[in-house]
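Okay, here's what each chain looks like letter by letter:
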Amino acid sequence: MATFTEIQNKWQQKWADEHIFRVTEDPKKPKYYCLEMFPYPSGKLHMGHVRNYSLGDAFARYKRMMGFNVLYPMGYDAFGLPAENAAIKQGGNPEDITRKNIAGIKAQQKQLGLSYDWSREIATCNTDYYKWNQWIFLQFYKKGLVYRKKALVNWDPVDQTVLANEQVIDGKGWRSGALVEQREIEQWFFKITDYAQELLDELQQLPHWPGRVKIMQENWIGRSEGCNVSWKVEEKHVILDTFTTTVDTIYGVTFVVISPEHPKLSTLITKEQEENIKKYIESARKKSEIERMGTDKEKTGIFTGTYLLHPFTGKKIPLWVADYVLMNYGTGVVMGVPAHDQRDMDFAKKYELPILQSIESQEGESFVYDNVDKYNVKGRIINSGEFNGIPIIEGRKHIVESLKKKGLAEWKIQYKLRDWLISRQRYWGTPIPMIYCKNCNLVPVPEQELPVMLPKDAIFTGAGNPLETSEKFTHCTCPQCGGKARRETDTMDTFVDSSWYFLRYCSPQSEAVFDKQAVKYWMPVDQYIGGIEHACLHLIYARFFTKALRDLGLTDVDEPFTNLLCQGMVIKDGAKMSKSIGNVVDPGEIMEKFGADTARLFMLFAALPEKELDWSDQGVEGTFRFLKRVERLVDADFSLDPYTDDNLQNRDKHIIGKMHATLKRVTDLIEHIKFSLAIGAIMELVNDLYKYKEGPYKKSVYGETLKTTVLMLAPFAPHLCEELWERMGNEGFISLASWPVYDEQKIDKKAQACEELVQQTFADIASVLELAKITHPNEILLFVAKPWKHYFFARMQELLQTVKDPKEIMKALMADPTLKQHGQDVVKWVPRIMKDTSKLPKHVLDDAIEYATLMDGKQALEEKFGCAVQIMKESESTEQKAQIAIPGKAAILVK
RNA sequence: GCGAGGGUAGCGAAGCCUGGUCAAACGUGCAGGACUUAAGAUCCUGUCCCUUAGUGGGUACGGGGGUUCAAAUCCCCUCCCUCGCACCA
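Every chain's residues receive numbers from 1 upward, in the order its sequence appears when written. Working convention: letters from A go to chains and numbers from 1 go to ligands, in the order in which they are written. With pLDDT at 70 or above as the cut-off, local features in this predicted model cover only qualifying residues; side-chain atom pairs require 80 or more to be listed or tallied, and sums for whole chains, interfaces and linings still use all residues. To get the side-chain values, all heavy atoms of the structure are used, and hydrogens and water are removed first.

Asker: Could you clarify how one ought to interpret the sheet that holds strand S6 (residues 161-163) in this entry?
Answerer: Backbone-to-backbone hydrogen bonds pair the strands of a sheet. The strands run either parallel or antiparallel. Here a strand pair is declared whenever DSSP counts at least two bridges between the two strands. To qualify as a helix, a DSSP run of H or I must reach at least 4 residues; to qualify as a strand, a run of E must reach at least 2; elements of each kind are numbered from the N terminus. Within the open sheet, the four strands sit side by side as S6-S5-S9-S19. Their pairing is antiparallel. At either end of the open sheet lies a strand with only one pairing partner, and these are S6 and strand S19 (420-421). Bridge count for strand S5 (residues 146-156) against S6 is three bridges, and the pairing is antiparallel. Note that in S6 the partner of Asn154 across the bridge is Leu163. Whether two residues are in contact is decided by their heavy atoms: any pair within 4.5 Å suffices. Every axis corresponds to a line fitted to the C-alpha atoms, with the helix fit spanning only the stretch in contact, and the corresponding angles, defined between N-to-C directions, vary from 0 to 180 degrees. With respect to the sheet, helix H5 (residues 127-142) is in contact with S5 and strand S9 (181-190), its orientation differing from that of S9 by roughly 85 degrees.

This is the structure we're talking about:
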């Protein structure tokens, strides 16, 4: 008997030799693009990967069997800091390290037997890939989607590079975990904010995305509708803008707060306050990233000594500095309305600033805009001069219009989403194709000179950007004037690489960025599978790229991913697998011990894809046992007394019915990616097959059922199923076989069961008669498990002939002493039966069928045995039981 | 604080949307039996409590309340857990 390792190797080899998973565009076949988030090649697979790929592969295999032309590719997100850090630490260079890691991870993926079209493999560190990053960058540049500016940026002191906002988590770098500092540096940006509105709007058109991802993106984009109000500074020709969504409270402004980082701040300080403010700014900057993130948010601030003039009342409004105002949102200046804003209220109370009410609720009470829907609030404006009494929402319009006339306000839509900072001061990434020339300033590298390759002579010391150490790289000639020039040494964020790789897969060898026709055929991705951690990073960038490339006329795809599945984490002993806890299970070891099929099947069986998966060693063994159980079914000796009679007995019909029912269920479950339930249903069928095999079975029925079982299991445990497919004498690969089709007609198992019941009764009565040596029974007693049900249906039928009112029927039924005992159930069913027979629960209908069958059976029994058959309600006493043995009568019990 | 998702039998995990077929799939664990010299593997049976040859009854899906003839499932309140966002004006 072949071991699972032998089976695995055999079929993996065959799949590879015959290239059976290779695909090309075929307009005659419906396409299906199944994609997993490609991995960062760290050298070894972890359980999260295995889960991800098991899900994707099962689904791709299923779709293939369903007749789709399935694009199922794999590649590597190969640029990134870990490889560079490894080079610094252990010597060597990032490329070699990365290539080695790719080889390692690929070997394990192959070992898992994933049905990728390996001819489409890509790695983002290949020049023929990152060349197109540069090309896209240049297209974006031409279109004005790229710009360079000096900005306060998130500086990761450990990784020595800048981070995008999305990569800062709790004030720490997403990779290094180091506290992020603010630095002012010239940086490259992608203008993702141009697409903020579309990115937000089109979330509506993604019905098959998990709600939480959409909500997260929505929050991340963070749209607010409001207006900018300009404030004149007293005795200075300076204007300060504030952004507010609730301009209705403008009469409630008792102070204005400016961010410590605000560029105009220095000009707004009075001499007396200068020293103190400098101190405050200093302390704010120091604590900023640590304490601004803290839970305890006691507000601090300091008066600048300067006053602003209220645009309506002309009153003097003090200008304060406080670090609860963020520089990078809105204008960096906020109007303080302590009566209606919790933060302002806290601040006002602390510094004893006046509190002025300017709006009230419908009930005439003051309220704070905390848990209130700002855009649909009801109430009116008060204490606000000419605006008194106007409903809040309407009042906003009046106020803005009034200010607009004075040139002091404009409507404004504000987003939290900020432009995507893509420069990284590191080596292992795509060089940004720009040149600095003394004469010509900033010059893009001409397209024909792409790619700008990473130099081989860079030195990895850990200090600064290694690219700057390469003379060959940094020195160049200006493409415009031909003079000496310097190359940009920043590289691109690796998230640029992953923002369009799904397009490249469509035509990985294309001489262009991608082949338009191929993209037209394959895109969008029908099913995308990956971790939730990318909800606001990769998934937003990829959407942005898709839209930007569309606007460049390169595709006509609006949204890249139609269906999105975010898999749950793999945990063990109640915690995420991690080295520090020591609960890591190595996929390699599991594959060694139990094989790829078991590893994959367990991953799919243990939990629904979106849920957490609790790793259990016993569960793995159980899965392993199940596969062996299936194998034994195939290896069973068919020659052992199977019935050859062509007529199908009840037990044959039953198993066939079960098979079709299971097939229907499994198909539906896989379609909805509820793999664990699908596998559970297959297990049930396997259990039934074992039972079927116990009794007299027919080879044809057994074989047919088993064949279907193996086909259903094939997407989950492909190696074993290929092997079993062959052992059962089938030609070709099961991977390329067609998904079986169920026959609705054969599913009606209840009718079969009833028939079986009658048949069984015949047999049982015959044997009882024989045992009791009874030749001529006068009467046969049929005991039924719930006789009152049948009785109920009989009465019900009678009543329906004459009475139409459900309540009357109910009354009549309840008057019956037999049914009275079961009043609850009677009351349950009558309204249902009266309402709509088609909507009856299945079991009620079944009971009705059973009743009819029983009546038929009774008749048949009477004919066959030539005696009266009586259906007994119940056997309450032993006396009655004793009658069973009374000669001249036969009794049989029916469930 | 805001937002999302959870709490089901010894354990993992379905069922909830669309109330009745639910003492609740499937797996695991446990118990008994068969096979075996024995162990393992395998197969069968049982596995909330009481009772039975069959059956029947009681209690139960975090806690409390409500709607309904009927609630794990719908509504309200409450407790606990996990995960996102977090002074966004």
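Asker: Can you walk me through helix H7 (residues 211-221) in this structure?
Answerer: Since the α-helix turns once every 3.6 residues, residues separated by three or four places project in the same direction. Burial classes: relative accessible area under 20% of the type maximum marks a residue as buried, over 50% as exposed, and values in between as partly exposed (1.4 Å probe, protein chains only). Burial in H7 covers these residues: Val213, Lys214, Gln217 and Ile221. Around the axis of H7, the buried residues are gathered within 100 degrees of arc, so they sit on the same side. Lining the buried residues of H7 we find helix H6 (196-201), strand S10 (223-233), strand S18 (409-415), helix H15 (538-551) and strand S27 (561-567). This arc is taken over the directions from the axis of the helix to the C-beta atoms.

Asker: Can you walk me through helix H22 (residues 718-727) in this structure?
Answerer: Counting buried residues along H22, eight of its 10 residues qualify, which places the element largely inside the surrounding structure. Residues of H22 that are buried include every one of Pro718, His719, Leu720, Cys721, Glu722, Glu723, Leu724 and Trp725, and no others. Looking at the buried positions of H22, the neighbouring elements they touch are helix H1 (4-17), helix H2 (47-65), helix H4 (94-112), helix H17 (596-605), helix H18 (617-635) and helix H21 (699-713). Phi turns positive one or two residues past the end of H22, at Gly729, with a value near 90 degrees.

Asker: I tried to follow the environment of Leu408 on my own but got confused; where do I start?
Answerer: In this fold, Leu408 is placed in the loop between helix H10 (392-405) and S18. A relative accessible area of 10% places Leu408 in the buried class. Linking Leu408 and Ile571, residues 163 residues apart in sequence, is a C-alpha distance of 57 Å. With sequence-adjacent residues up to four places away left out, Leu408 is seen in contact with Asn228, Val229, Ser230, Pro311 and Leu403.

Asker: Would you mind going over the packing of H1 against H22 with me for this structure?
Answerer: The geometry of a pair of packed helices is captured by two quantities: the angle between their axes and the separation between those axes. It is the contact of H1 with H22, at a shortest axis distance of 9 Å, that shows an interaxial angle of 85 degrees. Considering the angle they form, H1 stands roughly perpendicular to H22. Counting all contacts with H1, which are made through Ile7, Gln8, Lys10, Trp11, Gln12, Lys14 and Trp15, the residues of H22 involved are Pro718, His719, Leu720, Glu722, Glu723, Glu726 and Arg727. Residue type decides the class: Asp, Glu, Lys and Arg count as charged, Ala, Val, Leu, Ile, Met, Phe, Trp, Tyr, Cys and Pro as nonpolar, and the leftover types, Gly among them, as polar. Class assignment of the residues belonging to the contact of H1 with H22 gives a composition of five nonpolar, three polar and six charged. For classification, angles of less than 35 degrees are called roughly parallel, those exceeding 145 degrees roughly antiparallel, those between 65 and 115 degrees roughly perpendicular, and all remaining angles oblique.

Asker: What's the story with the sheet that holds strand S2 (residues 69-71) in this structure? I'm lost.
Answerer: Across the sheet, which stays open at both edges, the four strands sit in the order S2-S1-S26-S27 with parallel pairing between neighbours. Both edges of this open sheet fall to S2 and S27, since each of them pairs with a single strand only. Strand-to-strand twist across the sheet, computed as the mean angle between neighbouring axes with direction ignored, equals 20 degrees. Examined bridge by bridge, strand S26 (residues 525-531) and S27 share six bridges and lie parallel to one another. Looking at S27, one finds that Gly531 is bridged to Gln567. Contacts between H2 and the sheet are confined to strand S1 (31-36), S2, S26 and S27, with S1 contributing the most and set at about 175 degrees to the helix.

Asker: What should I look at first to understand the packing of H18 against helix H20 (residues 675-694) in this one?
Answerer: In contact at an axis separation of 11 Å, H18 and H20 are set at 40 degrees when each is read in the N-to-C sense. For the element pair H18 / H20, the angle class is oblique. Where H18 crosses over H20, the two elements pack in a sense that is left-handed. Contacts between H18 and H20 involve Phe626, Arg629, Val630, Arg632 and Leu633 from the former and Ile682, Met683, Val686, Asn687, Leu689, Tyr690 and Lys693 from the latter. Here a crossing is taken to be left-handed if its near helix is turned anticlockwise relative to the far helix by less than a right angle, and right-handed if that turn runs clockwise.

Asker: Help me understand the pattern of salt bridges, please; the structure alone is not making it clear to me.
Answerer: Close approach of charged atoms allows side chains with opposite charge to pair. Basic side-chain nitrogens of Lys or Arg form a salt bridge, by our definition, when they fall within 4 Å of a carboxyl oxygen of Asp or Glu. All chains considered together, the criterion is met by 38 salt bridges. Here Asp117 makes a salt bridge to Arg120, at a shortest N to O gap of 3.0 Å. Given the relative accessible area of 3%, Asp117 is considered buried. Two residues, Asp556 and Lys520, come together in a salt bridge whose shortest N-O distance is 3.9 Å. Of this pair, Asp556 sits in the loop between H15 and S27 while Lys520 sits in helix H14 (residues 516-522), and the two are 36 residues apart along the sequence. By the burial criterion, Asp556 is exposed, and Lys520 matches it.

Asker: Looking at this model, I keep getting lost on the nonpolar core. Mind explaining?
Answerer: One broad trend across soluble globular proteins is that nonpolar side chains are buried collectively. Within the largest apolar cluster, 185 residues are counted, with the highest numbers of intra-cluster contacts made by Trp420 and Phe716. Broken down by element, this core gets its largest block of residues, 11 residues, from H20. Among all residues touching Trp420, those that are not within four sequence positions of it are Ala164, Trp188, Phe189, Phe190, Ile192, Asp493, Phe495, Val496, Ser499, Tyr541, Phe544 and Phe545. Take the buried Ala, Val, Leu, Ile, Met, Phe, Trp, Tyr and Cys residues and link them wherever side-chain atoms come within 4.5 Å; each set so joined is a nonpolar core. If you look at the next biggest cluster of nonpolar residues, it comprises 50 residues, including Val256, Ile277, Tyr280 and Phe367.

Asker: Please clarify how the side chain of Gln12 should be interpreted in this entry.
Answerer: Relative to the helices and strands, Gln12 is located in helix H1. Classification of Gln12 as buried rests on a relative accessible area of 17%. Those residues within four positions of Gln12 in sequence are excluded, and the remaining contacts are Lys110, Gln111, Leu112, Gly113 and His719.

Asker: Would you explain the confidence of the model for chain A in this entry?
Answerer: In regions of low pLDDT, the predicted coordinates are not meant to be interpreted in detail. Every residue carries a pLDDT, the predictor's confidence in it, which falls somewhere between 0 and 100. Mean pLDDT over chain A: 83, with 80% of residues reaching 70 or higher. In the predicted structure, residues 767-790 sits below a pLDDT of 50 and forms 69 contacts with residues beyond four places in sequence or in another chain. Contacts of residues 820-825 to residues separated by more than four positions or lying in other chains number five contacts, the stretch itself having pLDDT below 50.

Asker: Can you help me understand the side chain of Thr98 in this one?
Answerer: Within the fold, Thr98 resides in helix H4. Residues in contact with Thr98, not counting those within four places in the same chain, are Pro41, Ala78, Ala83, Cys125 and Trp428.

Asker: Honestly, the packing of aromatic side chains in this entry has me stumped. Any pointers?
Answerer: Within a pair of aromatic rings, the relevant descriptors are the distance that separates the centres and the angle that separates the planes. Whether two aromatic rings pair depends on their centres lying within 6.5 Å, for rings of Phe, Tyr and Trp, where Trp uses its six-membered ring; planes under 30 degrees apart make the pair stacked, over 60 edge-to-face, and the rest tilted. For the structure shown, the criterion picks out 56 aromatic pairs. For the pair Tyr32 and Phe59, a centre-to-centre distance of 5.8 Å together with 70 degrees between the ring planes defines the contact as edge-to-face. With a gap of 27 residues between them, Tyr32 in strand S1 and Phe59 in helix H2 connect regions that are remote in the sequence. Residue Tyr32 is classed as buried on the basis of its relative accessible area, which comes to 8%. Classification of Phe59 as buried rests on a relative accessible area of 2%. Taken together, the ring pairs in this structure connect Phe137, Phe140, Tyr141, Trp188, Phe190, Tyr195, Trp420, Phe495, Tyr541, Phe544 and Phe545 into an aromatic cluster. The lysine or arginine in question, Lys14, covers the ring of Trp11, its NZ or CZ lying 5.0 Å from the ring centre. A ring is scored as having a charge over it whenever the NZ atom of a lysine or the CZ atom of an arginine sits within 6 Å of its centre and within 35 degrees of its normal.

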